[in-house]
Amino acid sequence: MHVKTYHTFKASCIHFALLFAALLLTTCSDITDNCTYDPSFNKGFSVFFMPPRNSFNENDFTENIYRMKSDGINSLYLTPSYFQKTETSDSIFRTSETLADSLLIKAIGIAVNAGMHVSLKPHINSLNNAQRFQIKPSNYEKWLISYKKCILFYFTLSVTSNLHSFVAGTELDNVSENSGFLTFLDSLRSVSTIPILYSCSYNQIFKTKLWKHVDVLGVNTYYNLDNNIPPSEVVIRETWNFWLNKLHEESNLHNVPIVLTETGFMSRSTATINPGDFSGKPLCDQSVQKICYEALLSQACLFKSIKGIYFWQWELGEKGKSDSCDYTPRNKPAEDILKKYWVN
């Protein structure tokens, strides 16, 4: 998850045109409070590890896993982080914020034993705070060698642990369309016993070449839903309906299923405006997050090409207990919405 500020103006300009189209697509029967999800649907959350935030503590992690299960969550992305110095750097490395392998393996074991469908979704972050979609190494070949070394470790761990799937990249817009990257995805699929995914940025999915190189295509759906404060519940639902229709059509066109590998909303009054933007300190508002959750979950089950939703993100530790403004729904009204739609 990250900010895509340079898309915000464009998204704002087309918002009303998209909403008009959504209204044409939608009927009263398209949106229901009785949306029923197939047992095979991935009802998921991400847990990202970046010590000291979301450090792994066995008791805390176990408690949160079983709390998620009680909310109807059956799938989990575990997200460790590797780093590069800047967006143009050509080497990727661990830091003190990379979760120790032994702790990641322990977390996998706890989640699997609890009955979760566990997948690894490693992220690459820049130390200068450049966003993943901005990564454009000056020496692509050298960068790709470094990237492969990082990813192959987590891929091998995923296969040997018989995990649910593996996400081989996230929001790397400037590098993922390169032939070398696509060939790398093909090589993973040729030896993998589990599905291989790539997680697209919200606009990359409509122009990507990745469809032929994955088993399932992921998309991080941080779409503008309503530019007004306070937002309209009707507008939020209709805008979601438009994007779900677009994703469904794109999936059918390529005959490849889709998973919403990230979607999420901060507990802020501005949560519907560029939802991937976690900067600033707007007014906390848990009601907007709740509306956004319900607008999505009340209709996503109707789009059969969409095989899962993974919300960003479930916060661990004391921050997860007390943070009223961040993405986590823990101890907030949005958690009740999860139970409403995902507890069978």
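Calculation notes
- Residues numbered from 1 in each chain as written.
- Predicted model: local features only at pLDDT ≥ 70, side-chain atom pairs only at ≥ 80, totals over all residues.
- Heavy atoms only, no water.
- Phe/Tyr/Trp six-rings, centres within 6.5 Å; stacked < 30°, edge-to-face > 60°.
- Buried < 20%, exposed > 50% of the residue type's maximum accessible area, 1.4 Å probe, protein only.
- Lys NZ or Arg CZ within 6 Å of the ring centre and 35° of its normal.
- Salt bridge = Lys/Arg side-chain N within 4 Å of Asp/Glu carboxyl O.
- Helix = DSSP H or I, 4+ residues; strand = E, 2+ residues; numbered from the N terminus.
- Disulfide = S-S within 2.5 Å.

Draft legend 1. Main features of the packing of aromatic side chains. All chains considered together, the criterion is met by 23 aromatic pairs. When the ring of F56 is compared with that of F61, the centres are 5.4 Å apart and the planes differ by 55°; the resulting orientation is tilted. Each member of the pair, F56 as well as F61, is classed as buried. Among the aromatic residues, those joined into a ring-pair cluster are Y37, F41, F45, W240, F265, Y293, F311, W314 and W342. Above the plane of the ring of F153 lies R94, whose end atom (NZ or CZ) is 5.9 Å from the centre. In this arrangement the basic side chain of K246 is found over the ring face of F206, its NZ or CZ atom lying 5.5 Å from the centre.

Draft legend 2. Representation of the pattern of salt bridges in the model. Scanning all chains against the criterion turns up 13 salt bridges. In this structure, the salt-bridge partner of E315 is R53, at a minimum N-O distance of 2.8 Å. One end of the pair, E315, is in the loop between β10 (306-311) and α8 (317-322); the other, R53, is in the loop between β1 (42-48) and α2 (58-70), and 262 residues separate them in sequence. Among the ionic pairs, E58 bridges to K106, the shortest N-O distance being 3.8 Å. With E58 in helix α2 and K106 in helix α3 (residues 101-113), this pair connects stretches of sequence that are 48 residues apart. A relative accessible area of 40% means that K106 is categorised as partly exposed. What you see here is one network of salt bridges that share partners, running through R53, E315, K319 and D326.

Draft legend 3. Inspection of the state of the cysteines at higher detail. For the coordinates displayed, the defined rule picks out 2 disulfides. Put simply, C35 and C301 are joined by a disulfide, and their sulfur atoms are 1.7 Å apart. On the sign convention where negative is left-handed, the bridge of C35 and C301, at about -110° about the S-S bond, is left-handed. Of the two residues, C35 sits in the loop between α1 (8-25) and β1 while C301 sits in the loop between α7 (286-297) and β10, which places them 266 residues apart along the sequence. Here C35 matches C301 in class, with each residue buried. For C284, the disulfide goes to C325, at an S-S distance of 1.4 Å.

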